[in-house]
Amino acid sequence: MNIYVLMKQVPDTETKIRIKSDGSGIEQSDIKWVINPYDEFAIEEALKIREQQKAGTVTVVTMGPDRCVEALRTALAMGADNAIHVKDDSGAVDSCTVGKALTAVVKKEPVDLLLTGKQAIDDDQAAVFGYASEFLNWPSVSVVVKVEIAADAKTLKAEREVEGGSRHLLELPIPCVVAVNKGINTPRYASLPGIMKAKKKEIKVFTLADLGLGSEPTRTEEKEYQLPPERAAGKKLSGEAKAQVQELVRLLHEEAKLI
């Protein structure tokens, strides 16, 4: 089974974000970049399926500037067989263009299954898997926490989370697009031998022009970035328990307007 994983490089969650003076974006000079955590789950699931099938390949694909190669090397060190970089230095493409470019790469090879994370933690759009499904004309499922491939590898069962703690169980024909959620697995660490091998592996590079998308229009525009307002300082109550309860009720009623 040939599995492709769409992935994205994002700022580390511990990075302190600073907005550019003109509000056009974030300062990137001191950011630590990592694989999108949800995409790490997708990579791990692809590796597990390959191991269960005892055959096939795992190919990771990403789009972005040169720094994205580091994320691809990390995925290769985890155990992916191949890596493809759709190079774009503009930083101005939207999710639709990203989805179209990545699926243009997928169409170049016979692919049985397309995995990705349910969303990227930087923009939280959760859109690329849907675009991929549309452009490939494949069925899709998202927020998946369990995947089971049929013995004949023609269908898969996907268990997905829904509100209230319930779960949906869906059966999809292969090929299909599966967007995974946290909890589906625990991503493995890259081993030292894996890191050394990853340094020597070739990474295929495409541009938007190579994929016939050089003049693709941008459908959305990001114009002004703002940090969320700082939270007001909390209040600490003191005194006897009865007095604290009375004061808490008063604050919830008069200030917070919750009761």
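Above this text you will find the structure in question.
Residues numbered from 1 in each chain as written. Predicted model: local features only at pLDDT ≥ 70, side-chain atom pairs only at ≥ 80, totals over all residues. Heavy atoms only, no water.

## Brief notes about helix α4 (residues 128-136)
How we decide: Under the scheme applied here, a residue whose accessible area is under 20% of the maximum for its type counts as buried, over 50% as exposed, and between as partly exposed, the area being computed with a 1.4 Å probe on protein chains only. Numbering of helices and strands runs from the N terminus, with a helix taken as a DSSP run of H or I at least four residues long and a strand as a DSSP run of E at least two residues long. By construction, the arc corresponds to the directions joining the helix axis to the C-beta atoms.
Along α4, the positions that sit buried rather than exposed are Phe129, Ala132, Ser133 and Leu136. Projected down its long axis, α4 carries its buried residues within an arc of 100 degrees, all on one side. With its phi angle positive at about 60 degrees, Asn137 sits one or two positions after the end of α4.

## Things to note about the packing of aromatic side chains
Convention followed: Stacked, edge-to-face and tilted are the three classes for Phe, Tyr and Trp ring pairs, Trp counted by its six-membered ring, which pair at centre distances within 6.5 Å; planes under 30 degrees apart are stacked, over 60 edge-to-face, the rest tilted.
Tallying each qualifying case throughout the model produces one aromatic pair. Ring geometry for Tyr131 against Phe135: centres 6.0 Å apart, planes inclined by 10 degrees, an arrangement best described as stacked. Of this pair, Tyr131 and Phe135 are both found in helix α4, four residues apart, which corresponds to roughly one turn of the helix. Among the residues examined, Tyr131 registers a relative accessible area of 30% and is labelled partly exposed. According to the relative accessible area criterion, Phe135 is partly exposed, its value standing at 25%.

## Here's the deal with helix α2 (residues 68-78)
Of all the positions in α2, only Cys68, Ala71, Leu72, Ala75, Leu76, Ala77 and Met78 are classed as buried. Positive phi shows up at Gly79, right after α2, with a value of about 140 degrees.

## Section: the pattern of salt bridges
Quick note on the threshold: Put simply, a salt bridge is a Lys or Arg side-chain nitrogen that is within 4 Å of an Asp or Glu carboxyl oxygen.
In this structure the tally under the stated criterion is 13 salt bridges. Two residues, Lys8 and Asp123, come together in a salt bridge whose shortest N-O distance is 3.1 Å. Of this pair, Lys8 sits in the loop between β1 (2-6) and β2 (9-11) while Asp123 sits in the loop between β6 (113-117) and α4, placing them 115 residues apart in sequence. With relative accessibility at 27%, the residue Lys8 sits in the partly exposed group. The partner of Lys87 in a salt bridge is Asp66, with the nearest N and O atoms 3.2 Å apart. Of this pair, Lys87 sits in strand β5 (residues 82-87) while Asp66 sits in the loop between β4 (57-64) and α2, and the two are 21 residues apart along the sequence. Here Lys87 falls in the partly exposed class, since its relative accessible area comes to 30%.

## Considerations on the environment of Lys118
Under the convention used in this document: Contact definition: two residues touch when any of their heavy atoms are within 4.5 Å.
Note that Lys118 resides in the loop between β6 and α4. A sequence separation of 80 residues divides Lys118 from Tyr38, and the C-alpha atoms of the two residues are 6.5 Å apart. Excluding its chain neighbours within four sequence positions, the residues that come into contact with Lys118 are Tyr38, Ala126, Phe129, Ser142, Val143, Ala179, Val180 and Asn181.

## Section: the nonpolar core
Burial of nonpolar side chains together is a common tendency in soluble globular proteins. This is how the line gets drawn: Here, nonpolar core refers to any group of buried Ala, Val, Leu, Ile, Met, Phe, Trp, Tyr and Cys residues whose side-chain atoms link them within 4.5 Å.
Counting 38 residues, the largest nonpolar core has Ile43, Val60, Leu113, Leu115, Leu156 and Val178 as the members making the most contacts within it. Looking at this core, the elements with two or more residues in it are β1, α1 (37-53), β4, α2, β6, β7 (140-149), β8 (155-161) and β10 (176-180). Here this core takes seven residues from α1, the largest share from any one element. With residues near it in sequence (within four places) discarded, Val178 still touches Leu113, Leu114, Leu115, Thr116, Val141, Val144, Val147 and Leu156. Val61, Val98, Ala104 and Ala132 belong to the second-largest nonpolar core, a separate cluster that totals 24 residues.

## Topic: a nonpolar patch on the surface
The condition that has to hold: Residues forming no salt bridge and having over 30% relative accessible area are the ones grouped into patches, like charges within 9 Å of each other and nonpolar side chains (Val, Leu, Ile, Met, Phe, Trp, Tyr) within 5 Å. Areas reported here follow the Shrake-Rupley algorithm with a probe of radius 1.4 Å; residue values treat only the protein chains shown as occluding.
Residues Val245, Val249, Leu258 and Ile259 make up a contiguous nonpolar surface patch of about 390 Å² in total accessible area. You can call Val249 partly exposed: its relative accessible area is 42%.

## A word on the packing of α2 against helix α5 (residues 192-200)
In a packed pair of helices, the relevant descriptors are the angle between the two axes and the axis-to-axis distance. The cut-off we apply is this: To obtain each axis, a line is fitted to C-alpha atoms, and for helices this fit is confined to the stretch in contact; angles are then taken between N-to-C directions over 0 to 180 degrees. We call two directions roughly parallel when the angle between them is under 35 degrees, roughly antiparallel when it is over 145, roughly perpendicular when it lies between 65 and 115, and oblique otherwise. By the definition used in this description, the sense in which the near helix is turned from the far one sets the handedness, with an anticlockwise turn below a right angle giving left-handed and a clockwise turn giving right-handed. Under the scheme applied here, ten amino acids are nonpolar (Ala, Val, Leu, Ile, Met, Phe, Trp, Tyr, Cys and Pro), four are charged (Asp, Glu, Lys and Arg), and all others, including Gly, are polar.
Direction vectors running N to C along α2 and α5 enclose 130 degrees, while the axes themselves pass 7 Å from each other. Relative to α5, α2 is oriented oblique. When you trace α2 past α5, the crossing you get is right-handed. Contacts between α2 and α5 pair Arg73, Leu76 and Ala77 from the former with Gly194, Ile195, Ala198, Lys199 and Lys200 from the latter. Counted by class, the contact of α2 with α5 contains four nonpolar, one polar and three charged residues.

## Some details on the packing of helix α3 (residues 95-106) against α4
Close contact between α3 and α4 brings their axes to 8 Å; oriented N to C, the two are set at 50 degrees. When the axis of α3 is compared with that of α4, the two are oblique. Regarding α3 and α4, the two cross each other, and that crossing is right-handed. Contacts from Ser95, Cys96, Val98, Gly99, Lys100, Leu102, Thr103 and Val106 in α3 reach Val128, Tyr131, Ala132, Phe135 and Leu136 in α4.

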